[in-house]
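What the coordinates show
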Amino acid sequence: MKKLILIVTFCIMATVTNAQQYPDNSLGELKKLTKGKNSLTLETTNGVARVIVYSPEIFRISISKKTPAADFSYAVVGKPVDCKVNILETEGQVLVITDSLRLQVNTDPVRFKLISHDGKTVINEDDTFGTTWVGEEVTTFKRLQEGEKFIGLGEKTGNLDRRGEGYTNWNSDVPGYNVNHDPIYASFPFYIGIHHNVAYGIYFDNTHKSYFNFGASNDRYSSFGADAGEMDYYYIGGNSVARIIENYTYLTGRAPMPPLWGLGFQQSRWSYYPEAQVMDIARTFRNKKIPLDVLYLDIHYMDAYKVFTWHPERFPNPSGMVSNLRDMGIHTAVIIDPGIKVEKGYAPYEDGIQKNMFLKYPDGTNYTAQVWPGWCNFTDYTMPEARKWWGDKFNDDVRIGITGFWNDMNEIASWGAGKTSSIVRFNWEGRGASYREGKNVYGMLMARSTYEGVRQLMNKRPLVLTRAAFAGAQRYTAIWTGDNATSEEHMLLGCRLVNSLGITGMPFCGTDVGGFMNGDASRSLFARWISIGAFTPFFRVHKHVDYNMSEPWSYGAEVETISRNYISLRYKLLPYLYSAFYETHGKGIPVNRSLSITNTFDDKTWHYVYQNQFMFGPSLLVAPVESTKDLTKVYLPQGNWYDFYTGKQYEGRQEVSVECPLDKLPVFVKGGSFVPMQSLIQSTSEQPSDTLFLHIYAGNEPGEFVYYEDDGVSFENESGKFITQKFSFNPGKHQIIIEKPLGNYTSKFTKIMLVLHGFDTENFKLNGIEARSTAQDIDLITSLTENDPLYIANTKYRQTVRQIMINKPDAGNILSW
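Parameters and conventions
Residues numbered from 1 in each chain as written. Predicted model: local features only at pLDDT ≥ 70, side-chain atom pairs only at ≥ 80, totals over all residues. Heavy atoms only, no water. Helix = DSSP H or I, 4+ residues; strand = E, 2+ residues; numbered from the N terminus. Buried < 20%, exposed > 50% of the residue type's maximum accessible area, 1.4 Å probe, protein only. Pairing = 2+ DSSP bridges. Salt bridge = Lys/Arg side-chain N within 4 Å of Asp/Glu carboxyl O. Contact = heavy atoms within 4.5 Å. Axes fitted to C-alpha atoms, helices over the stretch in contact; angles between N-to-C directions.

Now for unusual backbone geometry. In this structure, Pro109 follows Asp108 across a cis peptide bond, with omega equal to -5 degrees. In this structure, Pro109 sits in the loop between β7 (101–107) and β8 (110–116). A cis amide bond, omega 10 degrees, links Glu411 with the succeeding residue Ile412. The topology assignment puts Ile412 in the loop between β26 (404–407) and β27 (425–426). A positive phi angle, near 70 degrees, is found at Leu153, a position not held by glycine. Mapped onto the secondary structure, Leu153 falls in the loop between β12 (149–152) and β13 (166–169). Leu153 sits in the buried class, given a relative accessible area of 0%. Even without being glycine, Asn518 reaches a positive phi, approximately 65 degrees.

And the structure:
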């Protein structure tokens, strides 16, 4: 009897052990393999997996319980390219081999392992779990590597390194979110893992509520999964984090060149009204010589908050007002919400009902929820006809000269804490989908509909701004980080959010400078925040209706001067910034670059103290710091560096203590780099002087910069009407090479002034002939000249440089020493 009990017990234990090792709800054992030219299909005991090679560095893996659904994505626009692919079968394995990567597929059970070209394990599935289903929920488990770090996921709070944390993608309206709240407004299911001198990317193309675990409450695995839908993801390789971002943005698309005026300073409030106040704000900017390109109108410009209307008393002549602002060099942007008020006689509602443009309940009636105007229906942007219908509604705004379109409340936000039922139906390009699948892409598709509509109506570049988004939104819109709070912590969090959005392909981004809600900014906080904003791709001040005015002059004379200086510096840096956007447009590399992109395997760049630092374009390092500090520590990575304001030189790979009074945000320039600048203008509607000031910083390492220019407003750049000009620094040959400009456009600059920093000689030759260099004291931060009545003397940030004028920059030039 005892023997029988032992045998039964052993059998039960063996069964349990086997079930734990290979769960019945994972992919299971390979039963059938079908090979294609660049793909293979694996039919297993519990599902179907398909591998498609998109490029030597991008592998797509899609897994489903049954026959895969029709191939469809709102995010992915990249297509597989022809490349050399070898598919080999060995005992217990299938190998998919390109010139860059090797995908190893174990067959019992089916598990995936990515290996680099030199044999290093890049990423490996958990042997037991692999891809597992629990009901409709599907999750893929990857082994955690020793010391592995994680970056990405876009608009996620918390630290730069996501290790030890878990996140949810479910676009949510969270006013005044705390610095660790998750989720908030946007979803970007892409991350990069980094370990043992290798890196990889994962893009999970599933729009349902999704989950990412980077070792939260476990030391075994990282995972990603969703409530429902397929396990459809991409392994993304590359020899660097920058290359991985380039590959990811090949898949999901890259941002178009923005309107140049969209890179200028922008002022907003909930709300500026009536018209007299709007014009007073505009005139004050001009009188105080604080540059400005965009003014925003929040919901109070509308008649009873109804979209596509104007309040008849507050704004009786919107066309005249917009025209007057345009004459002052100021663009007008208006807020737009997705809700269409249910009201008989209201034209957009009546038209939408007649043409069947709205989200539905399963019984065919229109989904209705309360927002600012009251009960509303909501445009179904997953229907092509509805996207066109929505875009056409901007005709009247475009006709009167509106050029900025601010898409808000598109999570979808509604009263009642946004508790929308999952039964709400989306058209989904005729396929049909539930709210569970459609919610996360709603904001992105609203922005897409807006962009496509106003682009056609304007035939010029619009500025589209969104609060909610999904991967791929960069093709249509800028994004801001929603209703932030007024605090030092939120100011620094905003830097990490912007840097993370850049990593995940969304380069045109920013925060509400000064803080939107939860109090008024102190004088020092606003001053510091506006200096950080000057080094942010999207630069806008915005404030809640319940708090004091928040224009630069609202905080006293000292803050007004600091604001003027940094906003003016932004305008002088526009040639540099616009060129950085060209790199973003071409390769997907963000404007604001976390040091984890440029110095991935330098442990100091990951340190909590330095995680907010970033490169603004390729040359400038910005070290954000609280307004309460006068002294801070900065980490300077490899290379040699210059204090932007004083020219003081530092060696890299060291921590330095630097002063940071309110008028000096720590900014450094990398040796061997270029910073093209222009003369000060009050808006981009003005022309700068005819001279491009090319600041060149001597260094121990070679450097290069590609300058870019087009007209800044039209789409003629897309047909080749632009120029590029390459600048190179070669310390070994003691040469600076200014190449001939390439392209089909005439630059606004007819001269180049070389501004030389850190060169230990005054003897130069230009094209082999002795060049006259002059010593000059310059001040890069003070915006006004001594003969201006608003000028405040400040000599502490002056530095001595040498200058050489190039009168024929189109000919190509070599400076030697």
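Bringing the pairing of strand β49 (residues 751–757) into the picture now. In the case of a regular strand, side chains alternate between the two sheet surfaces. In terms of burial, β49 is a largely internal element, six of the seven residues being buried. As paired elements, strand β44 (residues 691–697) and β49 share seven bridges and run parallel to each other. Within β49, the residue paired with Leu694 across the bridge is Leu754. Where β49 and strand β53 (residues 798–806) come together, five bridges link them in antiparallel fashion. Considered in β53, the bridge of Val755 is made with Gln803.

What links the strands of a sheet is backbone hydrogen bonding, and the strands pair in either a parallel or an antiparallel sense. Ordered in space as β32-β31-β29-β26-β22-β21-β20-β34-β33, the nine strands form an open sheet in which the pairing is parallel. Both outer strands of the open sheet, β32 (509–510) and β33 (512–513), are each paired with one neighbouring strand and no more. Two elements, strand β21 (residues 294–297) and strand β22 (residues 331–336), share four bridges in a ladder whose sense is parallel. Looking at β22, one finds that Tyr296 is bridged to Ala333.

Here we come to the pattern of salt bridges. Evaluation of the coordinates by the stated rule reveals 39 salt bridges. The residue Lys142 makes a salt bridge to Glu125 at a minimum N-O spacing of 3.4 Å. In this pair, Lys142 sits in strand β11 (residues 137–143) while Glu125 sits in the loop between β9 (121–124) and β10 (131–134), placing the two residues 17 residues apart along the sequence. Residue Lys142 is classed as buried on the basis of its relative accessible area, which comes to 0%. One salt bridge in this structure joins Glu583 and Arg593, with 2.7 Å as the shortest N-O distance. Placement of the pair is Glu583 in helix α12 (residues 574–587) and Arg593 in strand β35 (residues 592–594), with a sequence separation of ten residues. The class for Glu583 is partly exposed, based on a relative accessible area of 27%. Three or more residues are tied together by salt bridges with common partners; here these are Asp173, Asp408, Glu411, Arg467 and Asp483.

What follows deals with the environment of Ile723. Residue placement: Ile723 occurs in strand β46 (residues 723–730). On a C-alpha basis, the gap between Ile723 and Glu709 in space is 5.5 Å, while along the polypeptide they are 14 residues apart. If we skip the residues at most four places from it in the chain, Ile723 touches Tyr707, Tyr708, Glu709, Leu742, Gly743, Asn744, Tyr745 and Ser747.

Note that Glu137 resides in strand β11. Residue classification places Glu137 among the partly exposed positions, given a relative accessible area of 34%. With near-sequence residues (within four places) excluded, Glu137 lies in contact with Thr132, Ala226 and Asp227.

Below, the discussion takes up the sheet that holds strand β36 (residues 614–616). One open sheet accounts for six strands, arranged β35-β36-β37-β42-β39-β40; its pairing is antiparallel. Pairing within the sheet leaves two strands with one partner each, and these edge strands are β35 and β40 (649–651). On average, each strand axis in the sheet is tilted by 35 degrees relative to the strand beside it, whichever way the strands run. Sheet topology note: the strand β37 (residues 620–622)/strand β42 (residues 667–670) ladder contains three bridges and is antiparallel. Bridge pairing links Leu620 to Val669 in β42. Most of the contacts of helix α9 (residues 488–503) go to β35, to which it runs at about 95 degrees, and overall it touches β35 and β36.

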